[in-house]
Amino acid sequence: VSFAGSSPLSMPIAGNQIGNSSAMPWKTAAFAPTKVLFVGNQLNTDVCGGTQCGIKTVWISGEAHRSPNETMLPGDVTADYEIESLAELPGLLRKI
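First things first, this report covers the structure right here in the doc. Computed from a prediction, not measured in an experiment: that's the story for all the values here. (Residues numbered from 1 in each chain as written. Predicted model: local features only at pLDDT ≥ 70, side-chain atom pairs only at ≥ 80, totals over all residues. Heavy atoms only, no water.)

**Section: the overall build of the chain**
Moving on, step 1. The helix and strand inventory of the chain stands at two helices and three strands.
Moving on, step 2. Shown N-terminal to C-terminal, the secondary structure of the chain runs as helices and strands in the order β-α-β-β-α.
Moving on, step 3. Expressed as a percentage of the 96 residues in the chain, the buried residues total 33%.
Moving on, step 4. For the chain, the proportion of contacts with a sequence separation of at least 24, taken over those separated by at least 6, is 41%.
Moving on, step 5. Accessible surface, the chain as shown: approximately 6,000 Å² in total, 53% of it carbon and sulfur. (Helix = DSSP H or I, 4+ residues; strand = E, 2+ residues; numbered from the N terminus. Buried < 20%, exposed > 50% of the residue type's maximum accessible area, 1.4 Å probe, protein only. Contact = heavy atoms within 4.5 Å. Areas by Shrake-Rupley, 256 points an atom, 1.4 Å probe, with all protein chains shown as cover.)

**Things to note about the pattern of salt bridges**
Moving on, step 1. A complete count under the given rule lists one salt bridge for this structure.
Moving on, step 2. In this structure, arginine 66 engages glutamate 63 in a salt bridge whose closest nitrogen and oxygen atoms are separated by 3.7 Å. (Salt bridge = Lys/Arg side-chain N within 4 Å of Asp/Glu carboxyl O.)

**What to know about the sheet that holds strand 3 (residues 81–83)**
Moving on, step 1. Spatially, three strands are ordered 1-2-3 in an open sheet, and the strand pairing comes out parallel. Two strands in the sheet have a free side with no partner beyond their single neighbour: strand 1 (37–40) and strand 3. Strand-to-strand twist in this sheet, taken as the mean axis angle between neighbours without regard to direction, amounts to 20°.
Moving on, step 2. Across three bridges, the pairing between strand 2 (residues 56–60) and strand 3 is parallel. Bridge pairing links valine 58 to tyrosine 81 in strand 3.
Moving on, step 3. Sitting on the sheet, helix 1 (residues 43–52) is in contact with strand 1 and strand 2, with an inclination near 165° to strand 2. (Pairing = 2+ DSSP bridges. Axes fitted to C-alpha atoms, helices over the stretch in contact; angles between N-to-C directions.)

Here you go:
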């Protein structure tokens, strides 16, 4: 994913850092939440946190990517997009 001609941006962000501007570069840069896509494998941190920040989310829902730290069930929160594996992300990005 590129933003305004920049290099692709990928940052691992723990759920407890959601809302921390140092963990969210779009808060201090020229990135609006509408231009950010939060991709993660946990509903309770990645999807829920991204949604709470007004960011569109992609949940990597495949069994191989499930986290043992997951505390939510599908249906507790809904991602904007769902993919089974990270390999599906380029195709999703072409569609949206």
